[in-house]
Amino acid sequence: MNNKHTGLINNENENENKSFLRTLIENNVTRRLIPKGLSWFGCMGGLSLVAFLIQVSTGIFLMFHFVPNERGALDSIHNVTHNVPYGWLLQRLHAIGPNIMVGMVISHMLRILFKGIYKHPRELHWVSGACLLILTLLIYYTGSMLSVGNVKAHSGIHLTYIYAIHVAGIPLIMGLFMGMHFFMVRTTGICEQL
Amino acid sequence: MKDYTKDRGPERLEPFFPNEMFRHTIVSCFLVVLELIAVSIFPLPFKVVNKPDNISWFLLPLYKLSKLVHNELLFILILASCALLFISWPFLVRDKKNKMLPIKNAKGADSCHILQISERRNLWQRPILFAVVILTISSMIQLCFIKL
Ligand code: HEM
């Protein structure tokens, strides 16, 4: 009796869980309706995100091989490109991808600027986005310093610090700002004027 | 989350899945292909940063500016104030219009009130702002070509 009872409760729980997941998926994906005829230019924000995710995944791979000090950095990059299977591909993707990502972010920004989408109620979207653009430039800059042997001679900062900022500091802050950015876009809805 | 179904009929709506998902997938694939093409075309960017040939296109204006402005503190101040202006742009350029609108007061009688209405316009409908933006962009491009 008791067992049966608990079994029932478990079943109910399972059903509850399932239905929660199901409502989540239905509300957000399968049954969700969106305005017709959104501009293809509206993809630029999404593409910036995809480009960022490519950077994160290739970057995590590179972290396993990179030696973050003045003496080891260049050799470790050579090692990745020559000795690790497909290392050359991921290293190059990580080095060239940011140029494309910056292009995407800038065209996303220009679209919003020229269409005046930053106006009320979307001021904070712009603020978080503008911070994201600055952070993107910063992460590019710190990243390009990592592939330079004698970075200390140029900037007076230890490569290890730059590495820490590049792989942890800036990405974490970017994640935070992206979270705010997406949350705000979801709350106000996408702008489909003009 | 914003409910798009509230203020428009079914003819102006479309399903997120599969329509929008499909579009997202297509453009994401397009991006991956673009990156793969770029990887196969361009050589490894793998040189000293402090040389102009290896500064990437979007950092070039900043690099040139840093060479033009000799004082380091001044350069950082300029950068910081530009960043601040950029971030606070929506608050600097609010376009509010004063409109007289009839509003019912508590007793139900019409009374005229001045309402500030923010109206969204394209940038090119606002000549001064448009000029400011175009001038900024073109001066950044010109900075890239300055010979030092
Ligand atoms: C890493 C950088 C960024 C990512 C990943 C990103 C991502 C996105 C995404 C996915 C959207 C929703 C779809 C769209 O309209 O494209 C969006 C909307 C928006 N973004 Fe960004 N964004 C970034 C940078 C920026 C920048 C630099 C700005 C402006 C300075 C900006 C301002 C906005 C605004 C105002 C919206 C609302 C658009 C609307 O309501 O239609 N974002 N962003």
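Small disclaimer: the values here were computed from a predicted structure and weren't measured.

Of the regular secondary structure elements, chain A holds 7 helices and 1 strand. Counting helices and strands in the order they occur from the N terminus, chain A gives α-β-α-α-α-α-α-α. Classification of the 194 residues of chain A by burial places 43% in the buried group. Considering only intrachain contacts with a sequence separation of at least 6, the fraction spanning at least 24 residues in chain A is 70%. Approximately 10800 Å² of chain A is accessible, and the part contributed by carbon and sulfur atoms is 67%.

Let us look at the coordination of the iron atom of the ligand. Residues and elements named next belong to chain A. Distances from the iron atom of the ligand to its protein donors, His 108 (NE2) and His 181 (NE2), fall within 2.0 to 2.1 Å. Between the 6 donor atoms coordinating the iron atom of the ligand, the angles at the centre fall across 85 to 179°, so the site counts as octahedral. Residue His 108 is located in helix α4 (residues 87-115), and its partner His 181 is located in helix α7 (residues 159-188); the two are separated by 73 residues in the primary sequence. Judged by relative accessible area, His 108 falls into the buried class, the value being 18%. For His 181, a relative accessible area of 12% corresponds to the buried category.

With that settled, consider the site of the ligand. All names here are of chain A. If you check the shell around the ligand, you find 25 residues, and the closest are Gly 42, His 108, Arg 122, His 181 and Cys 191. His 108 places a side-chain nitrogen or oxygen 2.8 Å from a nitrogen atom of the ligand. Here an oxygen atom of the ligand and a backbone polar atom of Cys 191 are 3.0 Å apart. Secondary-structure elements contributing two or more residues to the shell around the ligand are α2 (43-63), α4, α5 (123-146) and α7.

With 59 residues of chain B in contact, the opposing surface of chain A contributes 70 residues. Of all elements in the fold, only β1 (13-15), α1 (16-41), α3 (72-87), α4 (89-92) and α5 (127-145) of chain B reach the threshold of two or more residues within the side of chain B that touches chain A. The residue inventory of the side of chain B that touches chain A, partitioned by class, reads 38 nonpolar, 6 polar and 15 charged.

This part takes up the packing of aromatic side chains. The full count for this structure, using the stated rule, is 8 aromatic pairs over all chains. Aromatic pair Tyr140(A) and Phe58(B): ring centres 4.7 Å apart, planes at 80°, arrangement edge-to-face. Here the residue Tyr140(A) occupies a position in helix α5, and Phe58(B) occupies one in the loop between α1 and α2 (60-68), the pair thus bridging two chains. What makes Tyr140(A) buried here is its relative accessible area of 15%.

Right, let's get into the packing of α4(A) against α5(B). Running from N to C, α4(A) and α5(B) point in directions that differ by 155°, and their axes come no closer than 11 Å. Our classification of the angle between α4(A) and α5(B) gives roughly antiparallel. The two elements α4(A) and α5(B) cross, and the hand of that crossing is left-handed. Between α4(A) and α5(B), the residues in contact are Leu110(A), Leu113(A) and Phe114(A) and Phe130(B), Val133(B), Ile134(B) and Ile137(B), respectively. Per-class residue counts for the contact of α4(A) with α5(B) are 7 nonpolar, no polar and no charged.

One side chain can pair with another of opposite charge once the charged atoms of both are near each other. Within this structure, the stated rule accounts for 3 salt bridges over all chains. The salt bridge involving Arg31(A) is made with Glu26(A); its shortest N-O contact spans 4.0 Å.

So, about the environment of Leu68(B). Residue and element names in this part refer to chain B. The residue Leu 68 is located in helix α2 in this model. When the C-alpha atoms of Leu 68 and Ile 146 are compared, they prove to be 9.6 Å apart, with 78 residues separating the residues in sequence. Setting aside chain neighbours within four positions, we find Leu 68 in contact with Leu 143, Ile 146 and Leu 148.

The next subject is the state of the cysteines. One pass over the full model with this rule turns up 0 disulfides over all chains. The structure places no disulfide on Cys131(A), whose sulfur is separated from the nearest cysteine sulfur, that of Cys82(B), by 15 Å. Residue Cys131(A) is classed as buried on the basis of its relative accessible area of 16%.

Okay, the confidence of the model for chain A next. Counting all residues, the mean pLDDT for chain A is 85, and 86% of those residues have values of 70 or more. For residues 1-9 of chain A, every residue scores under 50 in pLDDT, and the model assigns this stretch 0 contacts once sequence neighbours within four places are set aside.

What counts as what
Residues numbered from 1 in each chain as written. Chains lettered and ligands numbered in written order. Predicted model: local features only at pLDDT ≥ 70, side-chain atom pairs only at ≥ 80, totals over all residues. Heavy atoms only, no water. Helix = DSSP H or I, 4+ residues; strand = E, 2+ residues; numbered from the N terminus. Buried < 20%, exposed > 50% of the residue type's maximum accessible area, 1.4 Å probe, protein only. Contact = heavy atoms within 4.5 Å. Areas by Shrake-Rupley, 256 points an atom, 1.4 Å probe, with all protein chains shown as cover. Donors = N, O, S within 2.8 Å, 3.2 Å for Na, K, Ca; no water. Tetrahedral: all angles 85-135°; square planar, octahedral: opposite > 155°, others 65-115°. Near = heavy atom within 4 Å. Polar contact = N/O pair within 3.5 Å; in protein donor to acceptor, adjacent residues only side chain to side chain. Nonpolar A, V, L, I, M, F, W, Y, C, P; charged D, E, K, R; others polar. Phe/Tyr/Trp six-rings, centres within 6.5 Å; stacked < 30°, edge-to-face > 60°. Axes fitted to C-alpha atoms, helices over the stretch in contact; angles between N-to-C directions. Parallel < 35°, antiparallel > 145°, perpendicular 65-115°, else oblique. Left-handed = near helix turned anticlockwise from the far one by under 90°. Salt bridge = Lys/Arg side-chain N within 4 Å of Asp/Glu carboxyl O. Disulfide = S-S within 2.5 Å. pLDDT = per-residue confidence, 0-100.

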